[in-house]
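Working through the structure, step by step
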Amino acid sequence: MDTLIINTKKSENAELILELVKRLGEEGKILSKEEQEDFLLGQIMNAEITGRDVSKTSILKKLR
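Treat the numbers as computed from the prediction; the structure is a model and nothing was measured.

In terms of helices and strands, the chain carries three helices and zero strands. Secondary structure of the chain in N-to-C order comes out as α-α-α. Taken against the 2.2 N^0.38 rule, which gives 11 Å for 64 residues, the C-alpha radius of gyration of the chain at 18 Å runs more than 25% over that of a compact globule. Projected onto its principal axes, the C-alpha coordinates of the chain cover approximately 50 × 25 × 15 Å. Burial statistics for the chain: of 64 residues in total, 3% are counted as buried. As displayed, the chain has an accessible area near 6800 Å², and 54% of this comes from carbon and sulfur atoms.

Next up on the list: the pattern of salt bridges. Under the defined criterion, the tally for this structure stands at two salt bridges. Salt-bridge contacts for Lys29 lead to Glu35; the nearest nitrogen and oxygen are separated by 2.6 Å. Overall, the relative accessible area of 29% leaves Glu35 in the partly exposed class.

In this model helix H1 (residues 11-23) runs 18 Å from its N-terminal to its C-terminal C-alpha over 13 residues, within 8% of the 18 Å that 1.5 Å per residue would give. Just beyond H1, the residue with positive phi is Gly25, at close to 85°.

With that settled, consider a nonpolar patch on the surface. A cluster of nonpolar side chains, contributed by Val54, Ile59, Leu60 and Leu63, occupies part of the molecular surface with about 380 Å² of accessible area. Relative to the helices and strands, Leu63 resides in helix H3 (residues 56-63).

Moving on, we get to the environment of Lys56. As for its position among the elements, Lys56 is in helix H3. Judged by relative accessible area, Lys56 falls into the exposed class, the value being 65%. Each C-alpha atom of the pair Lys56 and Leu4 lies 36 Å from the other, and the pair is 52 residues apart in sequence.

Criteria and cut-off values
Residues numbered from 1 in each chain as written. Predicted model: local features only at pLDDT ≥ 70, side-chain atom pairs only at ≥ 80, totals over all residues. Heavy atoms only, no water. Helix = DSSP H or I, 4+ residues; strand = E, 2+ residues; numbered from the N terminus. Rg over C-alpha atoms; globule rule 2.2 N^0.38 Å. Buried < 20%, exposed > 50% of the residue type's maximum accessible area, 1.4 Å probe, protein only. Areas by Shrake-Rupley, 256 points an atom, 1.4 Å probe, with all protein chains shown as cover. Salt bridge = Lys/Arg side-chain N within 4 Å of Asp/Glu carboxyl O. Expected span 1.5 Å × (residues − 1). Patch = residues over 30% accessible without salt bridge, like charges linked within 9 Å, V, L, I, M, F, W, Y side chains within 5 Å.

Quick look at the structure:
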């Protein structure tokens, strides 16, 4: 299965593209702002995976 992500400037365009996707027999979904942020945060986290354990203290220190 392949995944396609499209960022549109207008919500009308997103709805039109989603309708076309469904007419082609495929699945699609318009993400909420929160879902978009969750996805992007996951992408950033995956890019930063080092395989090392990090202490809670060091994480809290970075967040300050």
